Amino acid sequence: MQVEAINEAIHEEMSNDETVYYMGEDVRASIYGASKDLFNRFGENRVLDTPLSENGFIGAAVGSSLVGMRPVVETLTSFMWVAMDQLVSQLAKMKYMFGGQASLPVTIKADMYYNGSMAAHHSDRSYPFFMNMPGIKVIVPTFPEDAKGLMKTAIRDNDPCIVFVDGNLGGLKGDVPENNEIEQGELIIPFGSARVVKEGTDCTVVGIVNSNIHALSASEKLEKEGISIEIIDPRTLVPFDKETILKSVEKTGRLVVVDPAHKVCSAASEIISVVTEEGFWNLQAPPVKVASEQVHIPFSPALEPLIYPTEEKIIEAVKKTLE
Amino acid sequence: MEKAEKDSVDKALDFARKSPYPDPSQLYDDLYTDPINFA
C-alpha cells in the first residue's frame, strides 16, 4: 500500500543517515500510518512529537537544517497555512537571500485528506500555491512505487521539498520492488521525470495524484468506445518534465489535464499554459481542464462529490477534444 | 563585544560597497542546489 511504501522509505533513510529525524503531531503513535515503528526503532531523539504549533516546529526544522540536520516533517496541508511564514518567508527564500551559503534539506510530508466530509478547513490540495513559490520542490506521487522512490529522493535532496501525499491513495496497492531486485540496490526516483501510466493514441490525459486512478478507470470505458488515451503522471511539478507531455501531445494532438486542486491557477492551468505556448501547432483541439470547482469544500455529502474530477468528467472532457 | 559586532558590520558594508553589481546571468543562482529550468 502507498502508506507502507512511504513508511519504508522513511525507515531506510533514517537508517542510512543519522542526521535524518522525523517530527510532527502524534507521529510516535503513528496516527496516519507513515511513521509506524519509527519511535520504537530510532528512539526519542530522532522521532519527535510536536505541540499543535506548525509555525513553531516547521521553524525548528528550518533552523536545524541550517546546522546540518535533515528533518522530515509530517503535517497536513490544511495545517500548513499557519506555518506559511516559516515555509515561505524562511524555508523557500533563505538559500537565495544568503547567496547560496545556506542549505535547507527539509522534507515536508504534507498529507491531503479530502473527499470525506472533512469540510473546508481540512480538505486542502495546496500544491499550486507552492508551485508559485520559487525555492521549493513540489512532489506529487500517485503510485506506491513512486511514493517510496520520490520520498527517498526528497529526503536526500539538499533543497526544501514538499511531498504532497493524497490521503485517498493511502490504501492504494501496487508493486514496490524489493531493494535486492534493483540494480543500484535501492529505489531512487529522480525528480523531473514523468511516468507514462498508460500508452494511447487519441488524447493525452495528464493526471495529478488521485486523478490518475480516475483516468485509468475512464480509459477502460473509453476503450470500449474505441478511444485510446495516453495517461501521464508528472510525479513532480517542480521540477516539471514538460518534454514527456509535449512529446505525447505531438502524438495525440489532444490534451486533458486532471487536477483535484481548485481550477483557478491550478497545476492544470500551468500545464495547459506550457503546452499551449510550446506545443500549440501540435494541438488538434483546445486543451480541456478538469479540476475542482472554485468553491470551498462543503461538509455536505450531497455537495462535496460535485467538486472534484471524476471518471465521468474525464470521459466527457476527452470526448470534447475529439469533437 | 559591541566593537567586534560593529567592526563585523562595517567590514561587510565595505565589502558590499566595493563589490560590482551582479551580472544578469546570476539572476537564478542559488535558488536551488541543482538549477531548475523554468523557461
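Cut-off values and rules
Residues numbered from 1 in each chain as written. Chains lettered and ligands numbered in written order. Predicted model: local features only at pLDDT ≥ 70, side-chain atom pairs only at ≥ 80, totals over all residues. Helix = DSSP H or I, 4+ residues; strand = E, 2+ residues; numbered from the N terminus. Rg over C-alpha atoms; globule rule 2.2 N^0.38 Å. Buried ≥ 20, exposed ≤ 12 C-beta atoms within 10 Å, placed from the backbone. Pairing = 2+ DSSP bridges. Axes fitted to C-alpha atoms, helices over the stretch in contact; angles between N-to-C directions. Contact = placed C-beta atoms within 7 Å. Nonpolar A, V, L, I, M, F, W, Y, C, P; charged D, E, K, R; others polar. Expected span 1.5 Å × (residues − 1).

### With respect to the overall build of chain A
Then step 1. Helix and strand counts for chain A come out as 11 helices and 12 strands.
Then step 2. Since a compact globule built from 323 residues should have a radius of gyration of about 20 Å, the 20 Å found for chain A is in line with a globular shape.
Then step 3. Projecting the C-alpha coordinates of chain A onto the three principal axes gives extents of approximately 60 × 50 × 40 Å.
Then step 4. Every one of the 323 residues in chain A was classed for burial, and the buried ones make up 50%.

### A short note on the sheet that holds strand 11 (residues 255-262) of chain A
Residues and elements named next belong to chain A.
Then step 1. With respect to topology, 5 strands assemble into an open sheet ordered 7-9-8-11-12, the strand pairing being mixed. Edge positions in the sheet fall to strand 7 (195-198) and strand 12 (288-292), since each has one partner strand and no second. Shown here is a sheet whose adjacent strand axes are inclined to one another by a mean of 25 degrees, direction ignored.
Then step 2. Here 4 bridges tie strand 8 (residues 203-207) to strand 9 (residues 229-233), and the two strands are oriented parallel to one another. Paired with Val-205 across the strands is Ile-231, a residue of strand 9.
Then step 3. The strands touched by helix 8 (residues 211-224) are strand 7, strand 8, strand 9 and strand 11; relative to strand 9, the strand with the most contacts, the crossing angle is about 170 degrees.
Then step 4. Running at roughly 165 degrees to strand 12, helix 11 (residues 311-322) makes contact with strand 8, strand 9, strand 11 and strand 12 of the sheet.

### Topic: the sheet that holds strand 4 (residues 107-112) of chain A
Residues and elements named next belong to chain A.
Then step 1. Strand order in this open sheet of 7 strands is 2-1-3-4-6-5-10, and the pairing throughout is mixed. Lying at the two open borders of the sheet, with one neighbouring strand each, are strand 2 (47-49) and strand 10 (236-238). If you compare each strand with its neighbour and ignore which way they point, the axes differ by 20 degrees on average.
Then step 2. Two strands pair when backbone bridges link them, and strand 5 (residues 137-139) and strand 6 (residues 161-166) are joined in this way by 3 bridges, in the parallel orientation. Along strand 6, the bridge assignment pairs Val-138 with Ile-162.

### Looking at the interface of chain B and chain A
Then step 1. Facing 6 residues of chain B, the contacting portion of chain A comprises 11 residues.
Then step 2. Split into classes, the residues belonging to the side of chain B that touches chain A amount to 3 nonpolar, 1 polar and 2 charged.

### A closer look at helix 10 (residues 267-279) of chain A
Then step 1. Spanning 13 residues, helix 10 of chain A covers 17 Å between terminal C-alpha atoms, matching the ideal 18 Å at 1.5 Å per step.
Then step 2. For helix 10 of chain A, the elements touching its buried residues are helix 6 (127-131), strand 8, strand 10, helix 9 (242-252), strand 11 and strand 12 of chain A.

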